[in-house]
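Chain and residue survey
Below, each chain spelled out in residue letters.
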Amino acid sequence: AQSVTQPDIHITVSEGASLELRCNYSYGATPYLFWYVQSPGQGLQLLLKYFSGDTLVQGIKGFEAEFKRSQSSFNLRKPSVHWSDAAEYFCAVGAIDGGATNKLIFGTGTLLAVQP
Amino acid sequence: DTAVSQTPKYLVTQMGNDKSIKCEQNLGHDTMYWYKQDSKKFLKIMFSYNNKELIINETVPNRFSPKSPDKAHLNLHINSLELGDSAVYFCASSPPARGAEAFFGQGTRLTVV
């Protein structure tokens, strides 16, 4: 069955430090992978996505993620965190079942806190 | 212009009541969804519609009835509300052939008291 695991429930980093959020997936075919961010009281904003091609993808707000098929991972990185990056981050896999039976399967999220 | 908008943003109601949440998207997408985020922030799909046709019903109680009057609108009606229905409900839409990439609304926080 398709699933997404985010091993870290809560991460705290200092402002200006680098960040890596982990994501592992289980999916039988080539996955469509996404990272979303949710600020308090807000909806989900797409940070970046991987469909095919270059395994290092760039997103908004200075984020990037690397798809590693051998490790079934799609970790999110940022070289220097800003206080405004404090939010909940969700990794998701697009479960495609042909036709229009598409849906996102989400991980449990990682809450990022940023220390001044 | 807001791409996916849902109303209301907050909804507080008593057990047993019936309530509706409305969603509209102006992105021209054929596929729309309802996702539920529980108190632990876990997100799970409830329904998907493609061009007004129900595609996914993810074992949601039949007290929940989605309705899509046209492909730009997907409403969610909930009958006989229960305490356990308290959650944030997100509407979303997807363009075709994009791996379920979803554009989300701001969410409706439903509190049942």
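What comes next concerns the included structure. (Residues numbered from 1 in each chain as written. Chains lettered and ligands numbered in written order. Predicted model: local features only at pLDDT ≥ 70, side-chain atom pairs only at ≥ 80, totals over all residues. Heavy atoms only, no water.)

When helices and strands are counted, chain B shows zero helices and 11 strands. Tracing chain B from N to C terminus, the helices and strands come up as β-β-β-β-β-β-β-β-β-β-β. In summary, chain B has a C-alpha radius of gyration of 13 Å against a globular reference of 13 Å for 113 residues, a match within 12%. When the backbone C-alpha atoms are referred to their principal axes, chain B occupies close to 40 × 30 × 25 Å. Out of the 113 residues in chain B, the part that is buried amounts to 45%. When contacts within chain B are restricted to residue pairs at least 6 apart in sequence, those whose partners lie at least 24 apart make up 53%. (Helix = DSSP H or I, 4+ residues; strand = E, 2+ residues; numbered from the N terminus. Rg over C-alpha atoms; globule rule 2.2 N^0.38 Å. Buried < 20%, exposed > 50% of the residue type's maximum accessible area, 1.4 Å probe, protein only. Contact = heavy atoms within 4.5 Å.)

Our focus in this paragraph is the pattern of salt bridges. Considering all chains together, one arrives at 10 salt bridges over all chains under this definition. Across the pair Lys49(A) and Glu101(B) runs a salt bridge, and its minimum N-O distance is 2.9 Å. Of this pair, Lys49(A) sits in strand β6 (residues 44-50) while Glu101(B) sits in the loop between β9 (87-94) and β10 (103-104), which puts the two residues in different chains. Residue Asp85(A) is joined to Lys78(A) by a salt bridge in which the shortest nitrogen-to-oxygen separation is 2.8 Å. Here the two residues Asp85(A) and Lys78(A) agree in accessibility, since each one is buried. The structure contains a network of salt bridges with shared partners spanning Glu64(A), Glu66(A) and Arg77(A). (Salt bridge = Lys/Arg side-chain N within 4 Å of Asp/Glu carboxyl O.)

Let's shift gears to the interface of chain A and chain B. Taken residue by residue, the interface counts 23 residues in chain A and 21 residues in chain B. Summed over both partners, the interface of chain A with chain B comes to about 1,900 Å²; 58% of that surface belongs to carbon and sulfur atoms. Seen at the junction of chain A and chain B, the total is three salt bridges. Here chain A and chain B share six residue pairs in polar contact (both at pLDDT 80 or more) between them. If you list the elements that add at least two residues to the side of chain A that touches chain B, you get β5 (32-38), β6, β10 (87-96) and β11 (102-106) of chain A. Classifying every residue of the side of chain A that touches chain B gives 11 nonpolar, nine polar and three charged. (Buried area = accessible area lost by both parts, 1.4 Å probe. Polar contact = N/O pair within 3.5 Å; in protein donor to acceptor, adjacent residues only side chain to side chain. Nonpolar A, V, L, I, M, F, W, Y, C, P; charged D, E, K, R; others polar.)

Let's shift gears to the state of the cysteines. Evaluated as defined, the whole model comprises two disulfides over all chains. One disulfide bridge connects Cys23(A) with Cys91(A), the sulfur atoms lying 1.9 Å from each other. Between Cys23(A) and Cys91(A), the S-S dihedral sits near -65°, and the bridge is therefore left-handed. Of the two residues, Cys23(A) sits in the loop between β3 (19-21) and β4 (24-26) while Cys91(A) sits in strand β10, which places them 68 residues apart along the sequence. Of the residues examined, Cys23(A) reaches a relative accessible area of 0% and is grouped as buried. Relative accessible area serves as the criterion here: at 0%, Cys91(A) is assigned to the buried category. The residue that forms a disulfide with Cys23(B) is Cys91(B), at a sulfur-sulfur distance of 1.8 Å. For the disulfide bridge between Cys23(B) and Cys91(B), the dihedral angle about the S-S bond is near -75°, and by the sign convention the bridge is left-handed. Note that Cys23(B) is positioned in strand β3 (residues 19-25) and Cys91(B) in strand β9, a separation of 68 residues in sequence. On the basis of relative accessible area, Cys91(B) is assigned to the buried category, the value being 0%. (Disulfide = S-S within 2.5 Å.)

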